[in-house]
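Topology and contacts: notes
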Amino acid sequence: MIASADEVWGVSEGQVGHLREIYPAPIIRRNRLTGLPPATTAPPSERFTILYTGSLYDRLQSVEPLVSALNELVAAGQIDPRKVELIYRGKDNVLWDLWLATLHKEIHRDTQTYVAPAIAQSMQHAAQVLLLLNWSAQNYYGVLTAKLYEYLYAGRPILALVNGPADPELSELVELTGAGRVFAAREPVTEWLLEHYRKWRDNGGKLAWSPNLSHLRVYLEDWQFRPAPTQD
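Below you will find a few notes about this structure.

Calculation rules
- Residues numbered from 1 in each chain as written.
- Predicted model: local features only at pLDDT ≥ 70, side-chain atom pairs only at ≥ 80, totals over all residues.
- Heavy atoms only, no water.
- Helix = DSSP H or I, 4+ residues; strand = E, 2+ residues; numbered from the N terminus.
- Buried < 20%, exposed > 50% of the residue type's maximum accessible area, 1.4 Å probe, protein only.
- Lys, Arg positive; Asp, Glu negative; His and termini not counted.
- Salt bridge = Lys/Arg side-chain N within 4 Å of Asp/Glu carboxyl O.
- Contact = heavy atoms within 4.5 Å.
- 1 Å grid on protein atoms, 1.4 Å probe; cavity = no way out; pocket = protein on both sides within 12 Å on 5 of 7 lines; lining within 4 Å.
- Points joined across faces, edges and corners; volume = space filled by probe spheres on them.
- Nonpolar A, V, L, I, M, F, W, Y, C, P; charged D, E, K, R; others polar.
- Phe/Tyr/Trp six-rings, centres within 6.5 Å; stacked < 30°, edge-to-face > 60°.
- Lys NZ or Arg CZ within 6 Å of the ring centre and 35° of its normal.
- Polar contact = N/O pair within 3.5 Å; in protein donor to acceptor, adjacent residues only side chain to side chain.

Details of the side chain of Asp167
With respect to the secondary-structure elements, Asp167 resides in the loop between strand 7 (158-163) and helix 6 (168-174). Although Asp167 lies buried, it forms no salt bridge, and the closest oppositely charged side chain, Arg30, sits 7.8 Å away as judged by the N-O distance. Residues in contact with Asp167, not counting those within four places in the same chain, are Tyr141, Gly142 and Val143.

Notes on empty space enclosed by the protein
A complete count under the given rule lists one cavity of 30 Å³ or more for this structure. Put simply, the largest cavity is a space of about 30 Å³. In terms of lining, the largest cavity is formed by Phe48, Leu70, Leu73, Ile79, Val84, Leu193, Leu194 and Tyr197. Counting residues per element, the ones that place at least two in the lining of the largest cavity are helix 2 (64-75) and helix 7 (190-202). Here the residues of the lining of the largest cavity sort into eight nonpolar, no polar and no charged.

Describing unusual backbone geometry
Positive phi, normally seen in glycine, also occurs at Asn139, with a value near 60°. If you trace the backbone, Asn139 turns up in the loop between strand 6 (129-135) and helix 5 (146-154). Asn139 gets classed as exposed once you look at its relative accessible area, which sits at 63%.

Considering the packing of aromatic side chains
Evaluated as defined, the whole model comprises seven aromatic pairs. For the pair Phe48 and Tyr197, a centre-to-centre distance of 5.8 Å together with 85° between the ring planes defines the contact as edge-to-face. Here Tyr197 lies in helix 7 and Phe48 lies in strand 3 (residues 48-53), a separation of 149 residues in the sequence. A relative accessible area of 2% places Phe48 in the buried class. Under the relative-accessibility criterion, Tyr197 is labelled buried at 4%. Ring geometry for Tyr52 and Trp96: centres 6.0 Å apart, planes at 20°, overall stacked. A residue pair is termed long-range when its members are at least 10 positions apart, and Tyr52 in strand 3 and Trp96 in helix 3 (residues 93-99) qualify at 44 residues. Of note, Arg29 hangs over the ring of Trp9, and the distance from its end group to the ring centre comes to 5.6 Å.

Quick notes on the side chain of Thr53
You can see Thr53 is positioned in strand 3. A distance of 3.0 Å separates polar atoms of two side chains, one belonging to Thr53 and the other to Gln124.

Right under this line is the structure:
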């Protein structure tokens, strides 16, 4: 079906690299931002909330780096577990609970099944940190889901955990836009979490965040639709 199509689209350069093995001229067709986030956001919350919305993919994603970092910080007395909350909204709540089985018992959990997209997006705007779980492999990257663009629009700091080697396209979208930080497998997230927890704690339950709007603005434009670069 792919080989016989008139056009073939992929969401990233990394993905069309594999499509090119079947179809000679795939087109990169990234999602666009629906709008720019506010210049600065700082929603208040009683707990340091880390939110994940949407589907989970067993054996592809991993939340273990986050769980390990939180447990380490609690054990060291650097964060108060009663002031941290992990929130999940999506259809895979059973899998999420399984992934959090080793999380410190005093860290709050708020796990519910699927909610309306408008409610999920409202929660994204109110969270302290937005958790993004992604995956990669050798010569395989660029898994850019629609959730990523929702997160960018929310304007809250993104913590992206890649289960695999570094993903240059994801890093471009998250780090070069000032939207957050991307961690490849085995990169420790402890210092990043502690830094932002302390900012939230010391600022009266608010973590102010200011993404680079000039860099984000390009993701509103027509360059998103373009032929994939040819290989030498």
